[in-house]
Amino acid sequence: VNKGDRVTIILTSTDVTHGFYLDGYDLDASITPDEKPLLRHLSQGNKYVEVPDIKFVANKEGKFRYRCSRSCGCMHPFMIGEMVVAPNRQYTVGMGGIIGVAIAVIFTSLRRGGLRNG
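We now turn to the structure provided with this report. Here, residues in each chain are numbered from 1, in the same order as that chain's written sequence. Only residues with pLDDT of 70 or above have their local features reported here, since the model is predicted, and side-chain atom pairs are shown and tallied only from 80 upward, although totals for entire chains, interfaces and linings are computed over all residues. Note that the side-chain values use all heavy atoms of the structure and ignore hydrogens as well as water.

Some details on the pairing of strand 7 (residues 62-67)
Cut-off, in case you're wondering: In this description, strands pair whenever DSSP reports at least two bridges between them. To qualify as a helix, a DSSP run of H or I must reach at least 4 residues; to qualify as a strand, a run of E must reach at least 2; elements of each kind are numbered from the N terminus.
Pairing geometry for strand 2 (residues 18-22) and strand 7, over two bridges, is antiparallel. In the sheet register, leucine 22 faces strand 7, and the bridge partner there is tyrosine 66. Alignment of strand 7 against strand 8 (residues 80-85), held across six bridges, turns out to be antiparallel. Paired with phenylalanine 64 across the two strands is methionine 83, which belongs to strand 8.

Here it is in structure tokens:
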């Protein structure tokens, strides 16, 4: 994902209770079969809240590990992954383009005005 992107994670389980913990974002969730996920932000206390999905803004660049945070069976140690948040280059390039066009318009206007007066 790019920095500033809104991320939505949809958790489902058809077998046992699973968890989802995302390093760096203080997100901890739990999902049981056929139930809505329970989510808590660790920085806001220990209270879990039922949510339809997990939504957050990827506001930090870097690599962030995620894992199942509930012991769920023999494959539990392998339920890991990584979310990579890249710099938002589209924003930077877009702003550079806008500034470049604005400078070109101003320069052209000044140049045309200078030729008429001279």
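So much for the structure itself; the text now carries on.
Topic: the sheet that holds strand 2
Reading across the sheet, the six strands line up as 5-4-3-2-7-8 and stay open at both edges, with antiparallel pairing between neighbours. The strands lining the two open edges of the sheet, one partner per strand, are strand 5 (49-50) and strand 8. Both strand 3 (residues 27-31) and strand 4 (residues 38-41) contribute to a ladder of four bridges, which runs antiparallel. Considered in strand 4, the bridge of alanine 29 is made with leucine 39.

Note that every value here comes from positions in space, so none of it alone points to a role or purpose.
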